[in-house]
Amino acid sequence: MPACGDVIIACQIRRLGLQDYQTCWQAMQDFTLQRDESTADEIWVVEHPAVFTQGLNSQPEHLLQPTDIPVVDTDRGGQITYHAPGQLIIYSLIDIKRRRVNIRELVSILENAMIDTLAQYGLQAKAKVDAPGVYIDNKKIGSVGLRIKKGCSYHGLSLNNAMDLTPFQFINPCGYHGLQVTQLKDYAVNIKHYELAVPVVQSILQALENR
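Owing to the predicted nature of the structure, the values given are computational and were not obtained by experimental measurement.

K.L.:
Give me the overall build of the chain: which residues, what numbers.
P.N.:
Helix and strand counts for the chain stand at 4 helices and 11 strands. For the chain, whose C-alpha radius of gyration is 16 Å, the value lies close to the compact-globule estimate of 17 Å for 211 residues. By the burial criterion, 54% of the 211 residues in the chain qualify as buried. Residue pairs at least 24 apart in sequence account for 71% of intrachain contacts in the chain once pairs closer than 6 positions are excluded. Total accessible area computed for the chain in this model is approximately 10000 Å², and 49% of it derives from carbon and sulfur atoms. Distance between charge centroids for the chain: 4 Å, based on 19 positive and 22 negative side chains.

K.L.:
Can you break down the pairing of strand β6 (residues 80–83) residue by residue, with the values?
P.N.:
Of the two faces of β6, the one holding Ile80 and Tyr82 and the one holding Thr81 and His83 are both buried throughout. Note: strand β4 (residues 51–54) against β6, 4 bridges, orientation antiparallel. The residue bridging phenylalanine 52 from the neighbouring strand is tyrosine 82, located in β6.

K.L.:
So what's going on with empty space enclosed by the protein? Residues and values would help.
P.N.:
What the rule picks out here adds up to 1 cavity of 30 Å³ or more. Put simply, the largest cavity is a space of about 60 Å³. If you go around the largest cavity, the residues you meet are Thr81, Tyr82, Gln87, Lys140, Ile141, Ser143, Ser158, Asn160, Phe168, Pro173, Cys174 and Val181. Of all the secondary-structure elements, those providing two or more residues to the lining of the largest cavity are β6, β10 (139–149) and β11 (152–160). A per-element tally of the lining of the largest cavity places β10 first, with 3 residues.

K.L.:
Any details on the pattern of salt bridges? Residues and values, ideally.
P.N.:
This structure, assessed with the given rule, holds 6 salt bridges. Here arginine 14 ties to glutamate 42 by a salt bridge, and the two come within 2.7 Å at their closest N and O atoms. Note that arginine 14 is positioned in strand β2 (residues 6–18) and glutamate 42 in strand β3 (residues 41–47), a separation of 28 residues in sequence. Across the pair arginine 98 and aspartate 41 runs a salt bridge, and its minimum N-O distance is 3.0 Å. Here arginine 98, found in helix α2 (residues 96–99), pairs with aspartate 41, found in strand β3; they are 57 residues apart in sequence, far enough to count as distant. The two residues arginine 98 and aspartate 41 agree in class, both being buried. Each of Arg35, Asp41, Arg98 and Arg99 takes part in a single network of salt bridges with overlapping partners.

K.L.:
Hey, could you go over the nonpolar core for me, with residue numbers and the actual values?
P.N.:
The nonpolar side chains of a soluble globular protein tend to be buried, and buried together. Counting 36 residues, the largest nonpolar core has Ile90, Leu118, Leu157, Leu159, Leu184 and Ile204 as the members making the most contacts within it. Contributing elements (two or more residues each) for this core: β2, β3, β7 (87–93), α3 (103–120), β9 (134–136), β10, β11 and α4 (193–209). Here this core gets 8 residues from one element, more than from any other, and that element is α3. If sequence neighbours within four positions are ignored, leucine 184 has contacts with Leu118, Tyr121, Leu123, Ile141, Leu159, Asn160, Asn161, Val189, Ile191 and Leu196. In terms of nonpolar packing, the next biggest core, distinct from the first, is built from 13 residues, Trp25, Val46, Val51 and Ile89 among them.

Reading guide: rules and limits
Residues numbered from 1 in each chain as written. Predicted model: local features only at pLDDT ≥ 70, side-chain atom pairs only at ≥ 80, totals over all residues. Heavy atoms only, no water. Helix = DSSP H or I, 4+ residues; strand = E, 2+ residues; numbered from the N terminus. Rg over C-alpha atoms; globule rule 2.2 N^0.38 Å. Buried < 20%, exposed > 50% of the residue type's maximum accessible area, 1.4 Å probe, protein only. Contact = heavy atoms within 4.5 Å. Areas by Shrake-Rupley, 256 points an atom, 1.4 Å probe, with all protein chains shown as cover. Lys, Arg positive; Asp, Glu negative; His and termini not counted. Charge placed at Lys NZ, Arg CZ, Asp CG, Glu CD. Pairing = 2+ DSSP bridges. 1 Å grid on protein atoms, 1.4 Å probe; cavity = no way out; pocket = protein on both sides within 12 Å on 5 of 7 lines; lining within 4 Å. Points joined across faces, edges and corners; volume = space filled by probe spheres on them. Salt bridge = Lys/Arg side-chain N within 4 Å of Asp/Glu carboxyl O. Core = buried A, V, L, I, M, F, W, Y, C linked by side-chain atoms within 4.5 Å.

Structure below.
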């Protein structure tokens, strides 16, 4: 169990595989509501079956056409996005009060974890102050959405690896009209889900340990 920020409180890494979105979301809520000041932080590595999720600020017009893909109204920040197999999802269940990390700093930690990982594969990515997430050539490859309760975060990041990107055409991704999306596969990077998770998680842990 790797240390995570505090030499006493550990950080549990859970590799959950393919999980139903709503079941996983409920589990994150339950974990956050039941935890106390001594509960170890957790990072969950998952994939979801095809689903559109709408954040608290999402506007219905950003779903451009009806499809057979389920649409779930969730409690994270941000607008509508798409999840499906082939997309790496990492949920960060972090006591940010204990870590003395504010939400903007946590967003940056998650963005930088994706940027650092992509750099390892020769891909130059960057974050945008006015549009959270990670971009290559102005195409979005990674998203961040969080919720804070009891001074603790849940939800996290998604990084497009090797998936069918077609359903992104049915929405304004993250509420931005005409925003294009991309993935590692489009840049001839072929890596398995569990392998891609390793440097992303390591970067998050290192950033938390350096607080």
